[in-house]
Amino acid sequence: MKVIVFLSSTRVGASYTGMGSWGDRVGQLIKERIEATGHEAVIWDPKVLQFPLLQQPYQMFPDKSAVPAWMTERKTEIEEADAFMACCTEYNSAIPPAFANMIDHFPPASFKHRPAGVVTYSVGAGGGIRVQSPLKTLLTEMGMVTVPKMVKIDTVNKKFDEKGDCIDENIKRYIDEVVAETLWYAEAISAHKRSHGLPSV
């Protein structure tokens, strides 16, 4: 199974320590926990990929030969994934613009009939809980099946050491649980698609 881990934050500043932002650390932890199960994980970081401000999504190009090569390549990577994980902070109680901008470049059909797990975090006590509901709405609208298990990491600045390693065993366990559930859905959906195909509508 191949899982794409979507990061959300492009912030650098007070929480940037030279070892990566808090989102980088949480995303890397998710990647490591997925790989520990024997599956593949790839991180999509908007700081690295630097998607331009959305002007025209893939599906709105009438002439597909005019689609930028990078967009076609990323769309193919999405279509080849078996599952997704959203690693999301909250900006003023909302989904970070870079996350929505990244996702919105592609049609819902690219994500459809694959599961998505949700992990949110913040330096405050809420752990990004206010963004979980709108995030699940967005992922569902884009065709993904959001799994019931979710994780919120509060006071994320106290959960990692200076090397960027998680020092909270409970956080590791919670992420293992959402990873396990997401992979369970991915395997079940993949098996059903092989035996029954996709819905006709």
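Keep in mind that this is a model prediction, so the values were computed, not measured.

(A) Main features of the state of the cysteines. Evaluated as defined, the whole model comprises 0 disulfides. Here Cys87 stays free of any disulfide, with the sulfur of Cys88 as its closest cysteine sulfur at 7.8 Å.

(B) Structural detail: the nonpolar core. Within the largest apolar cluster, 27 residues are counted, with the highest numbers of intra-cluster contacts made by Phe6, Trp44, Phe84, Phe99, Phe111, Leu135 and Leu139. Secondary-structure elements contributing two or more residues to this core are β1 (2-6), α3 (69-80), β3 (83-88), α4 (97-103), β4 (115-121) and α6 (129-141). Of the residues forming this core, the biggest block, 4 residues, is contributed by α6. Residues within four places of Phe111 in sequence aside, it is in contact with Phe6, Ile78, Phe84, Ile103, Phe106, Met142, Gly143 and Met144. Of all hydrophobic cores here, the second largest spans 26 residues; its members include Leu7, Ala83, Val119 and Ile153.

(C) Region of the structure containing the sheet that holds β4. If you walk across this open sheet you meet the 5 strands as β2-β1-β3-β4-β5, and the pairing is parallel. Here the strands that pair on one side only, and so sit at the sheet edges, are β2 (40-44) and β5 (145-153). Put simply, the sheet's adjacent strands are angled 20 degrees from each other on average, direction ignored. Relative to β3, β1 runs parallel, the two sharing 4 bridges. In the strand pairing of β3, Val5 is matched with Met85. Here α6 sits on the sheet in contact with β3, β4 and β5, set at roughly 160 degrees to β5.

(D) Focus on the pattern of salt bridges. Applying the stated rule across the entire model yields 12 salt bridges. Glu77 is paired through a salt bridge with Arg74; the nearest N and O atoms lie 3.0 Å apart. Placement of the pair is Glu77 and Arg74 together in helix α3, with a separation of 3 residues, close to one helical turn. Given the relative accessible area of 14%, Glu77 is considered buried. For Glu79, the salt bridge is made with Lys75, and the minimal N-O distance between the two is 2.5 Å. Of the two residues, Glu79 and Lys75 are both situated in helix α3; the distance of 4 residues between them amounts to about one turn of the helix. The network of salt bridges with common partners includes Asp24, Asp45 and Lys47.

What counts as what
- Residues numbered from 1 in each chain as written.
- Predicted model: local features only at pLDDT ≥ 70, side-chain atom pairs only at ≥ 80, totals over all residues.
- Heavy atoms only, no water.
- Disulfide = S-S within 2.5 Å.
- Core = buried A, V, L, I, M, F, W, Y, C linked by side-chain atoms within 4.5 Å.
- Buried < 20%, exposed > 50% of the residue type's maximum accessible area, 1.4 Å probe, protein only.
- Helix = DSSP H or I, 4+ residues; strand = E, 2+ residues; numbered from the N terminus.
- Contact = heavy atoms within 4.5 Å.
- Pairing = 2+ DSSP bridges.
- Axes fitted to C-alpha atoms, helices over the stretch in contact; angles between N-to-C directions.
- Salt bridge = Lys/Arg side-chain N within 4 Å of Asp/Glu carboxyl O.

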